[in-house]
Amino acid sequence: MPTLAPPGPAATRPPKKTALRADSTLGLLVKIVLLGLVDAFAVYVMITLFLQEKWLVLVFAAVVTVLINWVYLRRGGLPAKYLAPGIFFLVIFQVFVMIYSGYVAFTNYGDGHNSTKADAVNAIQLSAQQRVPDSPAYRVTILERDGVFHLLATEPDGTVSVGTTGEPLEEAEAAVTDSTGKGTELEGYRALQFGEVLANQADILAITVPFSDDPEDGSLKTGDGSNAYVYRPSLSYDEDTSTFTDLETGATYTDRGEGSFQAEDGEQLSTGWKINVGFDNFTKAFSDQNIRGPLLQVMLWTFTFAIVSVLSTFALGLFLANAFNLPDLRGKRIYRILMILPYAFPAFLAGLVWSGLLNPEFGFVNNTFFGGADIPWLTDPVLAKVSVLVVNLWLGFPYMFLVCTGALQSLPEEVNEAARMDGASAWRTFTAIKLPLLLVSVAPLLIASFAFNFNNFNVIYMLTDGGPRFDNTTANIGHTDILITMVYEIAFGTGVGRDYGLASALSIIIFIIVAVISAISFRQTKALEDING
Amino acid sequence: MTTFIDPQAVAPAPTQSGGSGSVPAQRKRSFGQWFRHKGWRHVVGVVTTVFAVFPLLYVLSAALNSNGTMAGSNALFTAFDGGNFEALFSDPTRPFGRWFMNTMVIGVVTSAATVFLGALAAYAFSRMRFTGRRVSLLSLLILQMFPQLLAVVAIFLLLNAITDVVPWLGLGSQLGLIMVYLGGALGVNTYLMYGFFNTVPKSLDEAARIDGASHVQVFFTIILPLVTPILAVVGLLAFIGLSSEFVIASVVLTDPESQTLAVGLYSYVAQQRSENWGVFAAGAVLAAVPVMALFLFLQKYITNGLVAGSVKG
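Definitions and limits used
- Residues numbered from 1 in each chain as written.
- Chains lettered and ligands numbered in written order.
- Predicted model: local features only at pLDDT ≥ 70, side-chain atom pairs only at ≥ 80, totals over all residues.
- Helix = DSSP H or I, 4+ residues; strand = E, 2+ residues; numbered from the N terminus.
- Buried ≥ 20, exposed ≤ 12 C-beta atoms within 10 Å, placed from the backbone.
- UniProt positions renumbered as here; feature names shortened; annotations may be inferred.
- Domains from an automatic or database assignment.
- Contact = placed C-beta atoms within 7 Å.
- pLDDT = per-residue confidence, 0-100.
- Axes fitted to C-alpha atoms, helices over the stretch in contact; angles between N-to-C directions.
- Parallel < 35°, antiparallel > 145°, perpendicular 65-115°, else oblique.
- Nonpolar A, V, L, I, M, F, W, Y, C, P; charged D, E, K, R; others polar.
- Pairing = 2+ DSSP bridges.
- Core = buried A, V, L, I, M, F, W, Y, C linked by C-beta atoms within 7 Å.

Visitor: Give a detailed account of the overall build of chain B, specifying residues and quantitative values.
Guide: Within chain B, the secondary structure is distributed over 14 helices and zero strands. When the helices and strands of chain B are placed in sequence order, the string is α-α-α-α-α-α-α-α-α-α-α-α-α-α. In chain B, which comprises 313 residues, the proportion classed as buried is 48%.

Visitor: So, the UniProt feature "transmembrane region" (unreviewed entry) in chain B: which residues are in play, and what are the values?
Guide: Residue and element names in this part refer to chain B. Per the UniProt record, "transmembrane region" (unreviewed entry) is annotated on residues 43-64, 99-125, 137-163, 175-197, 218-242 and 277-298. The span residues 175-197 shows a helical share of 78% and a strand share of 0%, and its end C-alpha atoms are spaced 30 Å apart. In residues 218-242, the share of helix is 96% and the share of strand is 0%. The end C-alpha atoms are 31 Å apart.

Visitor: With reference to specific residues and values, describe the domain arrangement of chain A.
Guide: What the domain assignment reports for chain A is domain 1 (22-104), domain 2 (129-243) and domain 3 (287-532). The distance between the C-alpha centroids of domain 2 of chain A and domain 3 of chain A comes to 59 Å.

Visitor: Any chance you could break down the interface of chain B and chain A for me, citing the residues and the numbers?
Guide: Listed as interface residues are 95 residues of chain B and, on the opposing side, 98 residues of chain A. With 14 residues, helix α14 (residues 277-312) of chain B is the largest single contributor of residues to the side of chain B that touches chain A.

Visitor: Give a detailed account of the confidence of the model for chain B, specifying residues and quantitative values.
Guide: Residues and elements named next belong to chain B. Mean pLDDT over chain B: 82, with 84% of residues reaching 70 or higher. In the model of chain B, helix α1 (residues 7-10) stands out as the element of lowest mean pLDDT, 43, in contrast to helix α7 (residues 174-182), which has the highest, 95. Taken together, the stretch residues 1-25 has pLDDT below 50 and engages in 52 contacts with residues farther than four places along the chain or on a different chain. Here residues 306-313 is a poorly scored stretch, pLDDT under 50, and it has 29 contacts once near neighbours within four places are set aside; other chains count. Across the interface, the model reports ipTM at 0.84; the global pTM reads 0.80.

Visitor: Any details on the packing of helix α5 (residues 78-104) of chain A against helix α6 (residues 152-165) of chain B? Residues and values, ideally.
Guide: Running from amino to carboxyl end, α5 of chain A crosses α6 of chain B at an angle of 100 degrees, the nearest separation of the two axes being 8 Å. As summarised for this structure, α5 of chain A and α6 of chain B are arranged roughly perpendicular, according to the angle between their axes. Only Val-153, Ala-154, Ile-155, Leu-157 and Leu-158 of chain B of α6 of chain B make contact with α5 of chain A, whose side of the interface consists of Phe-93, Val-97, Tyr-100, Ser-101 and Val-104 of chain A. Taken together, the residues of the contact of α5 of chain A with α6 of chain B break down into nine nonpolar, one polar and no charged.

Visitor: Give a detailed account of the sheet that holds strand β15 (residues 261-262) of chain A, specifying residues and quantitative values.
Guide: Residue and element names in this part refer to chain A. In spatial order, the strands read β12-β13-β14-β15; together these four strands make up an open sheet with antiparallel pairing. At either end of the open sheet lies a strand with only one pairing partner, and these are β12 (235-238) and β15. Bridge count between β12 and strand β13 (residues 243-246): four bridges; the pairing is antiparallel. Residue pairing across strands places Tyr-237 opposite Phe-244, the latter belonging to β13.

Visitor: I'd like a description of unusual backbone geometry, backed by residues and values.
Guide: Residue and element names in this part refer to chain A. In this model, Glu-53 sits at a positive phi of 55 degrees, which is unusual for a non-glycine residue. Tracing the backbone through its elements, the reader meets Glu-53 in the loop between α3 (25-51) and α4 (55-73). Positioned with a positive phi, Asp-465 is a non-glycine residue whose angle comes to about 60 degrees. Note on placement: Asp-465 falls in the loop between α18 (457-463) and α19 (483-492).

Visitor: Which residues make up the nonpolar core, and what values do they have?
Guide: Within the largest apolar cluster, 170 residues are counted, with the highest numbers of intra-cluster contacts made by Val-152, Val-153, Ile-155, Ile-248, Leu-265, Tyr-266 and Ala-284 of chain B. Val-140, Leu-152, Ile-204 and Ala-228 of chain A belong to the second-largest nonpolar core, a separate cluster that totals 20 residues.

Below, the structure is given as structure tokens:
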């Protein structure tokens, strides 16, 4: 074995000592370069965090960086050097995100509640803009720099200023003006042609140039790309009482500790902020009319789906394994290869392909097998559930077939023979002897299969997208949704606003269910094993 | 599907002497006897095979029939042409070629990194004794019961926060997605590799140590070459799993140019289920072929592994 380390005294030392020796020069070099790159990146991240004044994350990043350096620069602690890279990702993207789910579950995080109160106040003031009735007209030219549109505004008194959304108006003395005194060009910017203005109308109408950092001062907006007017917030904010007052109607909106500004009659301003809401998401899940009914149905279906999927795939797999467990059956290999093809086919594609096969109008199944009948395979609540189970059977039986074949073949032949000697029928041999022995070995896999199907997102989402929808809710949740697709729908769906808090609360419920089931069933398996042997 | 592999199963197993030849030839049997003994098995085999294969034949046929619509795809294998494949690669709003490359790149990089991280950890668990070793192994087993997709909301929010600090690692970034996937690199993979590493005799690395090799050299020049089978299996299984991953990819990758096959093909069908059916089928065939080829290639290992793992509990 060629080695790079210098021979000599090391050869006579016991191996334990060698481990503590410095590595070869090459190894040292690689180590320094890699660690240097990691540190350089860490410093870059920390500078950015410092500039953004995110102190908590900064401290965390610093601690992690020091820890990494400590692990690799100290002499001992060899296992940590090998484990650190994997554990780094595991801790952040598996452990931390679980804990973070737990935290989000206790907040109202979601659409309209995704930032701090200060940001919310700012956003409300910017969004609730109304044109000041006697506003002077500012003549504007639309400029572009780095893909961002700016307004070059000429005040009635001839002053030319430039600014864009988020960048307050600033006087631009270097601007080129035309004969009427209107600013037309500015160095570093490109003036838009008329056609471009038309093409980018929506973006240009959205430009809101504040006069200063204080939103109360108002802002400039243009309605046609050539003239702009002064807009002021229609809501005035009083910091001392945390209250918005509508300048027209005089209605007041107060912070009532629920993460939003509310009027007396309960009406809310659309932008709120993130607060901790305790167990509200959990109580909401089980008491809100809009969610409770669907949630209970979804839970019931999740269990049904997972249990029936495991049982049906196992039953078919076991039956097939028995049928083909004959050494001299002709064509066994061909059957086997063809039958495991569905298992090899990507699950997400299977869902999509079957959704085409089962399409009521144009699908193959209705048109070829049922002579053009309009059977609503995917849109009838009961049939959709059956379809989902059949497709999952199609996807899952080959796995169980493989598992059972293996387990059957590994059963000792003597058992079989002894039973036959005693005159037991084939069926009796199977139920009384083979099946119990088989269950011992496949039980862990059945549990794993249950846990997998409990969160079998792809089949449901690709085949039915959860549909057909429930009638008793506004959320886009339906009869074939399982818990995990419901979480996805609530967090990222298009139906109602995104509600990360509620979605995380549901995730936590799934966590708990999976944990309990795994714990119980693994204990059961142990018991089964003890009984049998 | 969850798969379990036992390390021993991946190693070349001693050939089993099956029951071949033990069955005496019985020439004269009535059809009834033959059917009771074997015939029904063929009936079962044919029926199941049809059930298993017809959806696949249907996609293949639809892919080759440039008629295009779903209704037109129902007559199996009536037309053969490459029109759908041409259409597939010429649609700029749905860049199939890019999706394919993205899936390959993300899959290959992630599974390579997964294998490397897993092998490092397995080496530590198999060859070193340290406090917390048992606890760490057990925690890995427990953690892998909770799939990452359960925390998809938190992953989205975390990446959203990362976007503000390091934009090229945040939402919309493939590198960010790979990072997230690496969170699952340990777990069951380490367990599989750990078992396999244990089958490599320790006397080998001790001999090398005495010859003056460092622990790094033992890892790279002695252990890794001897455990290539499990590295290949873990890597390929990771790749197969990743190529079907939809939930996290759909949340992280928003720009069509950067999406993977799972996300892209879903949007293909979700928007217009029946009109573009032929083109989708062509895409499905191209997306499925590499994965199925890999799977069938691995089949022997997976099957043996499933069995050995299950029998030993």
